[in-house]
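These are the residues of each chain, in order.
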Amino acid sequence: MLQRILASFQNLPGAEQAYLVSKQDGLISAVGKRGKSPDLDFANVVVQELENLGRGTLGEGLELWIEGEETVLVTRLSSDTSLVIRGKKDSRIARWRHAVDRDTEVLNSLVR
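Parameters at a glance
- Numbering of residues starts from 1 in each chain and follows the order in which that chain's sequence is written.
- With pLDDT at 70 or above as the cut-off, local features in this predicted model cover only qualifying residues; side-chain atom pairs require 80 or more to be listed or tallied, and sums for whole chains, interfaces and linings still use all residues.
- The basis for the side-chain values is all heavy atoms of the structure; hydrogens and waters are excluded.
- Here a strand is any run of E in DSSP of at least two residues, a helix any run of H or I of at least four, and the numbering for each starts at the N terminus.
- For a compact globule the rule gives 2.2 Å times the number of residues to the power 0.38, and the radius of gyration it is set against comes from C-alpha atoms.
- Any residue under 20% of the maximum accessible area for its type is buried, any over 50% is exposed, and the rest in between are partly exposed; the area is computed with a 1.4 Å probe on protein chains only.
- Only heavy atoms matter for contacts: two residues are in contact if any of them lie within 4.5 Å across the pair.
- Residue burial considers only the protein chains on display, and all accessible areas are found by Shrake-Rupley using a 1.4 Å probe.
- A positive count includes Lys and Arg, and a negative count includes Asp and Glu. His and the chain ends are not counted in either.
- Where a charge lies is defined by one atom per residue type: Lys uses NZ, Arg uses CZ, Asp uses CG and Glu uses CD.
- Counted as salt bridges are all cases of a side-chain nitrogen of Lys or Arg within 4 Å of a carboxyl oxygen of Asp or Glu.

Visitor: Any chance you could explain the overall build of the protein chain here in plain terms?
Guide: Regarding its fold elements, the protein chain presents 3 helices and 5 strands. Listed by position from the N terminus, the elements making up the protein chain come as α-β-β-α-β-β-β-α. In terms of overall size, the protein chain behaves like a compact globule, its C-alpha atoms giving a radius of gyration of 13 Å where 112 residues would be expected to give roughly 13 Å. Expressed as lengths along the three principal axes of its C-alpha atoms, the size of the protein chain is roughly 40 × 30 × 25 Å. In the protein chain, which comprises 112 residues, the proportion classed as buried is 41%. For the protein chain, the share of sequence-separated contacts (at least 6 apart) that also reach a separation of at least 24 residues comes to 49%. Accessible surface, the protein chain: about 6,500 Å² in total, of which carbon and sulfur atoms supply 47%. The average position of the 15 basic charges and that of the 16 acidic charges among the side chains of the protein chain differ by 6 Å.

Structural data, given as structure tokens:
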């Protein structure tokens, strides 16, 4: 079921990879193009920066959108687990966000 949900994210317009990372356990699950590994170093840095936001006056960092040479959506599902979707430049990141919002509850129940 988890792989099916990640595959649905990877099949969104412009998306090339979808993966779940845990601060404690590292990579939980990933779906993407064959031969292309998830960039865990990048994901860990972004998740750490989202946590650092919570230590300041801005409030808790729950999501990050990156649009540049590539498009990246990082969403915290729990205090330990984050979802990363990476794709092509100029992808429809708002569509990705809607899909994630629709499946967040199911993802959380599967990762527990």
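Here the narrative resumes.
Visitor: Before we go on, may I ask you to explain the pattern of salt bridges in this structure?
Guide: A pair can form between side chains of opposite charge whenever their charged atoms are brought close. For the coordinates displayed, the defined rule picks out 7 salt bridges. In this structure, Lys23 and Glu51 form a salt bridge, with 2.1 Å as the shortest nitrogen-oxygen distance. Within this pair, whereas Lys23 is found in the loop between β1 (15–22) and β2 (26–32), its partner Glu51 is found in helix α2 (residues 40–55), the two being separated by 28 residues in sequence. Across the salt bridge formed by Glu63 and Arg97, the nearest N and O atoms sit 2.5 Å from each other. Taken as a pair, Glu63 in strand β3 (residues 63–67) and Arg97 in helix α3 (residues 93–111) lie far apart in primary sequence, 34 residues in all. Given the relative accessible area of 28%, Glu63 is considered partly exposed. Under the relative-accessibility criterion, Arg97 is labelled partly exposed at 22%. Here the salt bridges do not stand alone but share partners, grouping Glu16, Lys33 and Lys36 into one network.

Visitor: Sorry, what's going on with the side chain of Arg76 here?
Guide: Counting through the fold element by element, Arg76 comes out in strand β4 (residues 70–76). Take Arg76: its relative accessible area is 15%, and that puts it in the buried class. Beyond its immediate sequence surroundings of up to four residues, Arg76 is in contact with Leu50, Glu51, Glu60, Gly61, Leu62, Thr81 and Ser82.

In short, geometric facts, not functional conclusions.
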